[in-house]
Amino acid sequence: MNRDMDEASPRQLKNLTIFAFFILGVLISIAIFGVRQVEQETKVNLAAQLQSNLNSNISTLKYWFKEKKLDAEVISAEPLVHEKIIELLHLDSLNKSPEEVIASSELRWLRNHLGS
């Protein structure tokens, strides 16, 4: 009887070791699959958040550009501002140098009136 127990113990230990490695392999496979799933979901969520942020920024910029364009139209419609702009265009048509245009009284007036 003692001999049967001695012979059975190594076989049982071998079977137990194989079973433990099998269970360990299954658990590692499940963990790897879980990590990959979490990583994939994180990437999808991040991409969706970035796209939403981009769309929001684009909408905000479009609104801002529209407002700035309206501001420029209102300012340029002022008679005196309009006159100075026409005079600057005339200077340009006379092929004045950039330094002459920069030093012109029209541009100085526009800078003082509108801000530098």
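Scroll up for the structure.
What comes next concerns the included structure.

## Some details on the packing of helix H2 (residues 79-93) against helix H4 (residues 105-114)
Interhelical geometry of H2 versus H4 gives an angle of 145° and a closest axis separation of 9 Å. In this structure, the crossing between H2 and H4 has a hand that is left-handed. Between H2 and H4, the residues in contact are Leu80, Val81, Lys84, Ile85, Glu87, Leu88 and Leu91 and Glu106, Leu107, Trp109, Leu110 and His113, respectively. Considering only residue class, the contact of H2 with H4 consists of 8 nonpolar, 1 polar and 3 charged.

## Some remarks on the nonpolar core
In terms of nonpolar packing, the biggest core is built from 5 residues, these being Val81, Leu88, Leu91, Leu107 and Leu110. At the level of secondary structure, the elements contributing two or more residues to this core comprise H2 and H4. In terms of residues, this core owes the most to one element, H2, which gives 3 residues. Those residues within four positions of Leu110 in sequence are excluded, and the remaining contacts are Val81, Lys84, Ile85, Leu88 and Gly115.

## Observations regarding the pattern of salt bridges
Side-chain pairing between opposite charges can occur once the charged atoms of the two side chains come close. Scanning all chains against the criterion turns up 2 salt bridges. Between Lys68 and Asp71 there is a salt bridge; the shortest N-O distance is 4.0 Å. Linking Lys68 with Asp71, this pair stays in helix H1 (residues 2-76), spanning 3 residues, or about one helical turn. On the accessibility criterion, Asp71 (37% relative accessible area) is partly exposed.

## Quick look at the side chain of Glu106
Here Glu106 is to be found in helix H4. Of the side chains with opposite charge, Lys84 lies nearest to the buried Glu106, which makes no salt bridge, at 5.7 Å.

## Focus on H4
Every buried residue of H4 is listed here: Glu106, Leu107 and Leu110. Along the axis of H4, the buried positions cluster into a sector of 95°, meaning they face one direction only. Looking at the residues trailing H4, positive phi occurs at Gly115, about 100°.

## Brief notes about unusual backbone geometry
At Asn95, a residue that is not glycine, the phi angle is positive and equals roughly 60°. Structurally, Asn95 is set in the loop between H2 and helix H3 (98-102).

Rules used in this analysis
Residues numbered from 1 in each chain as written. Predicted model: local features only at pLDDT ≥ 70, side-chain atom pairs only at ≥ 80, totals over all residues. Heavy atoms only, no water. Axes fitted to C-alpha atoms, helices over the stretch in contact; angles between N-to-C directions. Helix = DSSP H or I, 4+ residues; strand = E, 2+ residues; numbered from the N terminus. Left-handed = near helix turned anticlockwise from the far one by under 90°. Contact = heavy atoms within 4.5 Å. Nonpolar A, V, L, I, M, F, W, Y, C, P; charged D, E, K, R; others polar. Core = buried A, V, L, I, M, F, W, Y, C linked by side-chain atoms within 4.5 Å. Buried < 20%, exposed > 50% of the residue type's maximum accessible area, 1.4 Å probe, protein only. Salt bridge = Lys/Arg side-chain N within 4 Å of Asp/Glu carboxyl O. Lys, Arg positive; Asp, Glu negative; His and termini not counted. Arc of directions from axis to C-beta.

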